[in-house]
Amino acid sequence: MSFTDTVEPTSYLKAPQTKEPEKGPVSDVIGAVSDLLSPSAWAAEALKAAFDFDPFEEVAKWFAGDWEGYAKCADAWANVGKLTAGIAKNLDSGNGTLDRTWNGNAADSAFVYFEQLADKIEGLQDDFDQLKQHYDELYAAVWAGADLISGLCKQLLDEAIIAGVAFAAGTLLAETGVGLIAGYAVGALEIIQMIKTWGRITEAYSACEQAVMISVTASGAIVGGLGTALQSFPEVGGAYDHPGV
């Protein structure tokens, strides 16, 4: 009697891949924000007038990390799920072969054990697939948040440049009186707009952070379930005790 595997489970253990969005990975999106860390002198002055911190540096800190590596984890979970399904399929096949050539109480107990073991292992695939889904969703949320915030940061820089130019013009035209008032009035209005834009940026980040926390909590529950499942596998030798042994 010989046992032949119907699938090769280890063939699923491939290097994880990830499909990047059309605009590039999160690192590229946030890289665009990092490029704003050295604004023009005019914009820098306006940013100092509006904030007591560097908003672009703050945003870069929010999204620091290897998010592309995280995205690849989703593919890794899917591959592990396929591995467990392949192992279960081989166990079912071998159990059927064994059942056709072995009879008696011990054979019946062995059949039940391998059947339950295969079912347990096969059931793990659903957990790994759910982990993949949550990892994909988390990465998508982070990418969408980074993309939105990157656009808002560019808007913030444009507003800072306008405010800086307006303040500079007001200073140059200070002797006219009217020029001073007009320049500083425009600059003040842009400062107000900059503060509103920063508010939109923080709101977008809060929404992104909330999505991340929901996904992390769900993933943690799945990992906990996996731990419980691994501890409840059927035990060998518990089902049959030969009277002659």
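Just above sits the structure.
I will try to describe carefully the structure that is included in this document. Each chain carries its own residue numbering, running from 1 in the direction its sequence is written. With pLDDT at 70 or above as the cut-off, local features in this predicted model cover only qualifying residues; side-chain atom pairs require 80 or more to be listed or tallied, and sums for whole chains, interfaces and linings still use all residues. Processing note: side-chain calculations cover all non-hydrogen atoms of the structure and skip hydrogens and water entirely.

## Points about the overall build of the chain
No. 1: Put simply, DSSP marks the helices as runs of H or I at least four residues long and the strands as runs of E at least two long, and each gets a number from the N terminus on. Along the backbone of the chain there are six helices and zero strands.
No. 2: In the chain, the succession of helices and strands from N to C terminus is α-α-α-α-α-α.
No. 3: Buried positions account for 36% of the 245 residues belonging to the chain.
No. 4: Pairs of residues are marked as contacts when any of their non-hydrogen atoms sit within 4.5 Å. Considering only contacts within the chain whose residues lie at least 6 apart along the sequence, 86% involve residues at least 24 apart. We call a residue buried when its accessible area falls under 20% of the maximum for its residue type, exposed when it is over 50%, and partly exposed in between, using a 1.4 Å probe and counting protein chains only.

## Quick word on a negative patch on the surface
No. 1: Taken together, the side chains of Asp92, Glu115, Asp119 and Glu122 present a region of like negative charge at the surface.
No. 2: In terms of residues, the negative patch owes the most to one element, helix α5 (residues 105-172), which gives three residues.
No. 3: Along the chain, glutamate 115 turns up in helix α5. Exposure above 30% relative accessible area and the absence of a salt bridge qualify a residue for a patch, where like charges join within 9 Å and nonpolar side chains (Val, Leu, Ile, Met, Phe, Trp, Tyr) within 5 Å. The Shrake-Rupley method, run with a 1.4 Å probe, gives the accessible areas here. Residue values count only the displayed protein chains as cover. By convention in these notes, a salt bridge is any Lys or Arg side-chain nitrogen within 4 Å of a carboxyl oxygen on Asp or Glu. Within this scheme the basic residues Lys and Arg register as positive and the acidic residues Asp and Glu register as negative, but His and the chain ends are omitted. By convention, charge coordinates are those of NZ in Lys, CZ in Arg, CG in Asp, or CD in Glu.

## Quick word on the environment of glutamate 235
No. 1: Looking at the secondary structure, you find glutamate 235 in the segment after α6 (178-231).
No. 2: Taking the C-alpha atoms as reference points, glutamate 235 and tyrosine 113, 122 residues apart in sequence, are found 7.9 Å from one another.

## Comments concerning the side chain of asparagine 79
No. 1: When you line up the elements, asparagine 79 lands in helix α4 (residues 67-101).
No. 2: Contacts of asparagine 79, omitting those with residues within four sequence positions, involve Tyr12 and Lys14.

## Focus: the environment of alanine 50
No. 1: Position of alanine 50 among the secondary structure elements: in helix α2 (residues 41-50).
No. 2: Residues alanine 50 and glutamate 190, 140 residues apart in the sequence, show an inter-C-alpha distance of 9.5 Å.
No. 3: Dropping the residues within four chain positions of it, alanine 50 is found in contact with Ile191 and Met194.

## Things to note about the nonpolar core
No. 1: Residue types Ala, Val, Leu, Ile, Met, Phe, Trp, Tyr and Cys, when buried and joined through side-chain atoms within 4.5 Å, form a set referred to as a nonpolar core. Membership of the largest hydrophobic core comes to 42 residues, with the highest contact counts inside it found for Phe63, Ile149, Met194 and Ile201.
No. 2: Elements that contribute at least two residues to this core include exactly α1 (26-34), α2, α3 (55-62), α4, α5 and α6.
No. 3: The dominant element in this core, judged by the number of residues it contributes, is α5, at 16 residues.
No. 4: Isoleucine 149 has contacts with Val59, Trp62, Phe63, Ile201, Ala204 and Tyr205, leaving out every residue within four places of it along the chain.

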